[in-house]
Every structure is written in structure tokens, then in C-alpha cells.
2 protein chains.
Amino acid sequence: MGGRVTVVGLGPGRADWCLPAVTERLLAATDLVGYGPYLDLVPVATAARRHPSDNRVEADRARHALALAAEGADVVVVSSGDPGVFAMASAVMEALDRAPGDHGDVEVEVLPGITAAQALASRVGAPLGHDFCVISLSDVLKPWEVIERRLSAAAGADFVIALYNPQSRHRPWQLDRAVEVLRRHRADETPVAVGKQLGRPGESVRVVTLAALDPADVDMGTVLVVGSSTTRVLAHRPLASSLYTPRRYES
Amino acid sequence: MGGRVTVVGLGPGRADWCLPAVTERLLAATDLVGYGPYLDLVPVATAARRHPSDNRVEADRARHALALAAEGADVVVVSSGDPGVFAMASAVMEALDRAPGDHGDVEVEVLPGITAAQALASRVGAPLGHDFCVISLSDVLKPWEVIERRLSAAAGADFVIALYNPQSRHRPWQLDRAVEVLRRHRADETPVAVGKQLGRPGESVRVVTLAALDPADVDMGTVLVVGSSTTRVLAHRPLASSLYTPRRYES
């Protein structure tokens, strides 16, 4: 009687950046669960029941998906980007973890997607061509001290750094503070790629310097890739091939 | 007269994990350039001329692609995984950087793909659900001291850590040494996901402990995801939903 929960990522929003394996699962689903605006991005027509929910209710959404599957439904939980990166896959796993007896016969599977840092990187060249870190600046679920320690460690060891959830109305000072930490280790002219609404109407991509990065120009839908000391800007090239981190590293 | 170079990633190998945008570009290409075995993975039939090359000649391959495009060809450079992550996108950008006058009218674009760490993560649940780092253990193009410093910084700040190129015939001791560094910061029972030949015939995925990880069982086609202190194993679940890193972090 146990059904199935598949947690999928649509990628950044463009239908042609969504895996065929994901499209296939969306077409087979009896129920789609997700944040309302993400359900609106589903790139195929399907007769599945839709269960849109608000933002920031990941745990409720995960329990709802598992409960539907426990009744036999073929549920797809829809994330944008990669569901495994700061998204719904962890929330579903956590719900399994908290109620181990309840979902024994529900099959749970995750299908990956293109995450925002990859989408942004591909828009400007190859800034993630060498060792990198991915850090969420949201201190809703972790203490700010942990974030600052990670920023400092990553910058000190000269990683390229992708920053997710850089700021929001409720978290207005975090990016300023993060830039302050990064600037202890990185030169003013360090290139930073700034991507907004990637793959969606209103997409904007720019490369600025760390010194010129204006937090007022960054919102919750923005992702940043901060270069390492070796990341290079090709001034003579169009934006799509203007930034890269060499494969070779000389210390 | 300038043609185009598109650097694409096929993902880990399965046709249904390759972006439709990549398939479309492969179908339009006049010339395909890449490491021979990757060209064999191209998931569509195309009449394009094929230019297979050996492994570890990335710079030659990049120059070749740009030279073909300078003559007007529509060239696709084929990587596995994401071409922007330790792959051909940086090599092509580097070739542009080294000969800035030669390729002014060649359009260069990168399309992303599912990289090995994402593929592995999705096979076991959601180990990349919290801040993580991606590190190549290859010291062919960077000094080992840099790698060790990064491993130590990432482990010290409690990142989840994905390890690429963990070892090869020519680099037999690197993974042993890396595990030694990680174990200074991580408990013996830290879970490690081990993926081989992901998305290809002979795929193997396992979750072991850091103490039990056997470097003899790891080759160049293996990727590893080492958990943070908060990564959890669900012993009662099948492999596909057995490992995750919670979104919440309490220090």
C-alpha cells in the first residue's frame, strides 16, 4: 500500500534546464507538493493534484508529502534548483528521521537539479573551476557565529565561495558582515558574480569587485560567487566568457 | 566568420540526467571535441565531426576547439558531469586568456550539468543539505600543501566535504593522507558516501564510516561525500534515503 515520494529540483527555472528524469516523474505523479511559486514553474502539463504551500513551512510540507504517500499516492515534492542543496530533500529526510515507524513502506527518492551556483557560474564562464565552498548566509536555522567561522575558514584557505540566501527583509545586516569577513582575506578587486532571478523573467547577471559589491542591490533571490585569489576577469570578453578560476594553483 | 564554442556537461552518464538545452546544442553542432570515452556517452545521434582526444590534454583540446570555431564551426566541447567543476570550461577560458587577440569573434558559452557530488548525494538522500565544500585531491596542478590546508580548514569549520579525483595509479597515497587530516576533526563513525561509475554500467554506491573507509577500494572514477558532525544515517531506511545533513545546525 506504500506509495512513493520523489523530491525533485526543477533547476533555476528554464524548462530546458530541467532533467528529463524529473519531467518523467512529474508526468507520473498523482500529487505535487511544494512552495506555490515553484509549482507554477513545473514545465509540463499534468493532471496531478496540486498542494501549494507557503514559504518556510518545509517541515509541514515534508510531513504532508509522506502522509499522502503512506496512503498510496505517487507524490513529487517540487523544489527549484537542486533539492539536495539547502532545499526540500533534507526536510523530507528529517521527517523520516523523526517518525521512523510511520513511513517504513514509503519509498523515498531524490533526483538532482542544476543549483543556482552552477547556473550563475555557467553564465559568466567558469568561476567554480577550482575548489569551492557553498554557504548559506541564513541564520534562521544556524547561529551566525557558525556562518562567520565558515566564511573565515573558507576565505582563509582561498576557496571560491558561493553564497546562498544572502539577505532578506528579516536579515538585513548579514551580507554586510559577511563581506567584512571576506575582505580580511581577499583583495578589493576580487571578482564577484551576482545573479538574480536566474533562468526566469528578469534574470540579471553581473560581475563586480568585492569592494564595489553593494548589499542594497542583493535580495533573497540573489546568489553570489566570490572569486579566490586566482580567479581572473577577461576584460576583453563578453559577459558569458569573462570570469574563470584556473585549474592550476600556485601558492 | 567567427563560430561558436559551447562547453557542455552530460551529467554523470545517464541520458535522462542530461539537460535538454545540452541535447539541443549537441544536435546543432558541426564538431564535437572531447575525451574519447565522453564522446561515446553523447546521448543523441548526430552527424557532427568527432574529434576524440586523450585524457589529460585539456589545454590542447581547448585550443583545438577554439581554432575550429575561428574557422566558423559550431563546436561543442563535451565533458561529463558539470563542465564548470574541475572540467573543460576552465581550460577553454584559460585558452582565451592566453591568446586574447586570437578569438575575439568566437562566441563561447558554458552549459551546466549534474556534477558527481550531486549525483552521489541524490543516491543516498541529502548529505549536501547544509554548507559544503568541493575539493579535488589531485595534486597534478596544485601543491599538496594547498590541498591539505583546505581539507583542514573545511573539516575544522565542520563543512560537509565532497572529494573529487581521490586517487589514481599515479597518486597512490593522497587519499590516505586526506583521511588522516579529516580524522583529526571528525569522529570515527562519521558517515562517508562512496560512489563509483555513477550513472554508468557498474555503478556502485555505499555508505561507510570514516574509520572503515578503505582507500584500496577507491579509484579515479570514485567520488566521496564526507559528512559533517551533524550528518545522520537512518539505519532503518533503504540506501536511497539513508543519509542526510539537517538544515538546522546547533553548535
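Nothing here was measured: the structure is a model prediction, and the numbers come from that model. (Residues numbered from 1 in each chain as written. Chains lettered and ligands numbered in written order. Predicted model: local features only at pLDDT ≥ 70, side-chain atom pairs only at ≥ 80, totals over all residues. Heavy atoms only, no water.)

K.L.:
Can you lay out the interface of chain B and chain A for me, pointing to particular residues and giving the numbers?
P.N.:
Residue-level contacts link 74 residues of chain B with 74 residues of chain A. Carbon and sulfur atoms make up 57% of the area that chain B and chain A hide from each other, which totals about 6300 Å². It is Leu141, Arg150 and Arg247 of chain B in chain B that bury the most area against chain A; as a group they hold 13% of the surface buried on that side. The interface formed by chain B and chain A holds 10 salt bridges in total. Across the pair Arg247 of chain B and Glu94 of chain A runs a salt bridge, and its minimum N-O distance is 3.9 Å. The interface formed by chain B and chain A includes 37 residue pairs in polar contact (both at pLDDT 80 or more). Among the secondary structure elements, those contributing two or more residues to the side of chain B that touches chain A are helix H1 (20-28), helix H4 (88-98), strand S5 (107-111), helix H5 (116-124), strand S6 (125-126), strand S7 (132-136), helix H6 (144-156) and strand S13 (243-244) of chain B. No other element matches the 7 residues that H4 of chain B contributes to the side of chain B that touches chain A. Class assignment for the residues of the side of chain B that touches chain A results in 39 nonpolar, 18 polar and 17 charged. (Contact = heavy atoms within 4.5 Å. Buried area = accessible area lost by both parts, 1.4 Å probe. Salt bridge = Lys/Arg side-chain N within 4 Å of Asp/Glu carboxyl O. Polar contact = N/O pair within 3.5 Å; in protein donor to acceptor, adjacent residues only side chain to side chain. Helix = DSSP H or I, 4+ residues; strand = E, 2+ residues; numbered from the N terminus. Nonpolar A, V, L, I, M, F, W, Y, C, P; charged D, E, K, R; others polar.)

K.L.:
Requested: an account of the sheet that holds S5 of chain B, with residues and values cited.
P.N.:
All names here are of chain B. Strand order in the open sheet made by the 5 strands is S3-S2-S4-S1-S5, with parallel pairing throughout. In this open sheet, the two edge strands, each paired with only one partner strand, are strand S3 (49-53) and S5. Strand-to-strand, the axes of this sheet are offset by a mean angle of 20°, without reference to chain direction. Across 5 bridges, strand S1 (residues 4-9) lies against S5 in parallel orientation. Across the sheet, Arg4 pairs through a bridge with Glu107, a residue of S5. (Pairing = 2+ DSSP bridges. Axes fitted to C-alpha atoms, helices over the stretch in contact; angles between N-to-C directions.)

K.L.:
I'd like a description of the environment of Trp17 of chain A, backed by residues and values.
P.N.:
Its location among the elements puts Trp17 of chain A in the loop between strand S1 (4-9) and helix H1 (20-28). Judged by relative accessible area, Trp17 of chain A falls into the buried class, the value being 2%. Considered as a pair, Trp17 of chain A and Gly199 of chain A are 182 residues apart in the sequence and their alpha carbons are 8.5 Å apart. Setting aside residues up to four positions removed in sequence, Trp17 of chain A forms contacts with Leu10, Gly11, Pro12, Ile114, Ala119, Ser122 and Arg123 of chain A together with Leu19, Ala21, Leu111 and Pro112 of chain B. (Buried < 20%, exposed > 50% of the residue type's maximum accessible area, 1.4 Å probe, protein only.)

Treat this as a map of the structure, not an account of what it does.
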